[in-house]
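# Observations on chain architecture
Here is what each chain is made of, one letter per residue.
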Amino acid sequence: MTSQVAAAEVAQPYAQALLSIAQSKNLTEEFGEDARTFLGLLRADKQLHNFFSNPFIQSENKKALIKQILGEGANPYLRNFLLILVDKRRIAFLESIFQQYLALLRQLNQTVLAEVISAVPLTEAQQQAITEKVIAITNARQVELETNVDSELIGGVIIKVGSQVIDASIRGQLRRLSLRLTNS
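Residues numbered from 1 in each chain as written. Predicted model: local features only at pLDDT ≥ 70, side-chain atom pairs only at ≥ 80, totals over all residues. Heavy atoms only, no water.

- The name an unreviewed UniProt entry gives the protein chain is ATP synthase subunit delta, with Nostoc edaphicum CCNP1411 as the organism.
- Taken directly from UniProt, the Sequence similarities (unreviewed entry) text for the protein chain runs: "Belongs to the ATPase delta chain family." (UniProt positions renumbered as here; feature names shortened; annotations may be inferred.)

Next comes the structure, spelled out in structure tokens:
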């Protein structure tokens, strides 16, 4: 069993528990925003991820950091959930838990996740055009865009929605042209 599969198996019940709490308190979107913020922090700062994953760091230190990150105005339900993760020694799975939570939230809201990789940052108009295209393709009610920049694409975009990939990048076009020329 790979570590990603194990993380997903551990994360699923916790993500569902978090969604149940959020639904009962009518906080699903607020928790979603908090989850996105936390994921951004964990992805941007590998030291933070390593701190939570390190079994030799005292639980009290992890709890103190969580309280510091959340601040005074944090939702008490979310704060308590994170502190329970520390107590249960599951805080190392925080990234997987939040990813699962967001997937459950998208399912609840009939929203699809579209990963967009572009050569340069997209304008609002370009993001809106991609959103409309994805809605037309998937019949989803809403689209959540996750954008990344990869200058090696030269130009254009790659859009991933579930298992479907739309490669409209110049690099992809050059690769297809190269394959056609070698097969001729």
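After that view, the rundown keeps rolling.
### Quick word on the environment of glycine 32
- In this fold, glycine 32 is placed in helix H2 (residues 28–44).
- For glycine 32, a relative accessible area of 0% corresponds to the buried category.
- Setting aside chain neighbours within four positions, we find glycine 32 in contact with Tyr101, Leu102 and Leu105. (Helix = DSSP H or I, 4+ residues; strand = E, 2+ residues; numbered from the N terminus. Buried < 20%, exposed > 50% of the residue type's maximum accessible area, 1.4 Å probe, protein only. Contact = heavy atoms within 4.5 Å.)

### Concerning the domain arrangement of the protein chain
- Segmenting the protein chain into domains produces domain 1 (1–107) and domain 2 (112–183).
- A C-alpha centroid distance of 29 Å is found between domain 1 and domain 2. (Domains from an automatic or database assignment.)

### A short note on a nonpolar patch on the surface
- Residues Ile154, Ile170, Leu174, Leu177 and Leu181 make up a contiguous nonpolar surface patch of roughly 470 Å² in combined accessible area.
- Within the secondary structure, isoleucine 170 is located in helix H8 (residues 170–183).
- Residue isoleucine 170 is classed as partly exposed on the basis of its relative accessible area, which comes to 35%. (Patch = residues over 30% accessible without salt bridge, like charges linked within 9 Å, V, L, I, M, F, W, Y side chains within 5 Å. Areas by Shrake-Rupley, 256 points an atom, 1.4 Å probe, with all protein chains shown as cover. Salt bridge = Lys/Arg side-chain N within 4 Å of Asp/Glu carboxyl O.)

### Brief notes about the environment of threonine 123
- Residue position: threonine 123 is located in the loop between strand S1 (111–118) and helix H7 (124–138).
- Residue classification places threonine 123 among the partly exposed positions, given a relative accessible area of 43%.
- For the pair threonine 123 and alanine 103, spaced 20 residues apart in sequence, the C-alpha to C-alpha distance is 26 Å.

### Focus: the packing of H2 against helix H3 (residues 46–53)
- Between H2 and H3, the shortest axis-to-axis distance is 5 Å and the interhelical angle comes to 100°. With respect to their mutual orientation, H2 and H3 come out roughly perpendicular. Here H2 contributes Leu41, Leu42, Arg43 and Ala44 to the contact with H3, which in turn contributes Lys46, Leu48, His49 and Phe52.
- Of the residues in the contact of H2 with H3, the class split is 5 nonpolar, 1 polar and 2 charged. (Axes fitted to C-alpha atoms, helices over the stretch in contact; angles between N-to-C directions. Parallel < 35°, antiparallel > 145°, perpendicular 65-115°, else oblique. Nonpolar A, V, L, I, M, F, W, Y, C, P; charged D, E, K, R; others polar.)

### Considerations on the pattern of salt bridges
- Under the counting rule described, the total for this entry stands at 9 salt bridges.
- Notably, a salt bridge pairs arginine 36 with glutamate 144, separated by 3.1 Å at the nearest N-O pair. With arginine 36 in helix H2 and glutamate 144 in strand S2 (residues 142–149), this pair connects stretches of sequence that are 108 residues apart.
- Here arginine 106 ties to glutamate 144 by a salt bridge, and the two come within 3.5 Å at their closest N and O atoms. One end of the pair, arginine 106, is in helix H6 (residues 94–108); the other, glutamate 144, is in strand S2, with 38 residues separating them in the sequence.
- Owing to a relative accessible area of 17%, glutamate 144 belongs among the buried residues under this scheme.
- One network of salt bridges, in which partners are shared, links Glu33, Arg36, Arg106 and Glu144.

### A few points about the nonpolar core
- Core analysis: the biggest nonpolar cluster contains 30 residues, and Ile66, Leu82, Leu94, Phe98 and Tyr101 have the highest contact counts within it.
- Taken together, the elements giving at least two residues each to this core come down to helix H1 (3–24), H2, H3, helix H4 (59–70), helix H5 (76–87) and H6.
- For this core, the element with the highest residue contribution is H6, accounting for 7 residues.
- Aside from chain neighbours lying at most four places away, what touches tyrosine 101 is Ala15, Leu18, Leu19, Ala22, Leu27, Thr28, Phe31, Gly32 and Ala35.
- By size, the runner-up hydrophobic cluster in this structure holds 9 residues, among which are Val116, Leu122, Ile130 and Val157. (Core = buried A, V, L, I, M, F, W, Y, C linked by side-chain atoms within 4.5 Å.)

### Describing the pairing of strand S4 (residues 164–169)
- Taken together, the 6 bridges between strand S3 (residues 156–161) and S4 define a ladder with antiparallel strand orientation. Following the sheet pairing, valine 161 is matched in S4 by glutamine 164.
- Once S3 ends, the chain turns through 2 residues before running back antiparallel as S4, passing glycine 162 with a positive phi of about 60°. (Pairing = 2+ DSSP bridges.)

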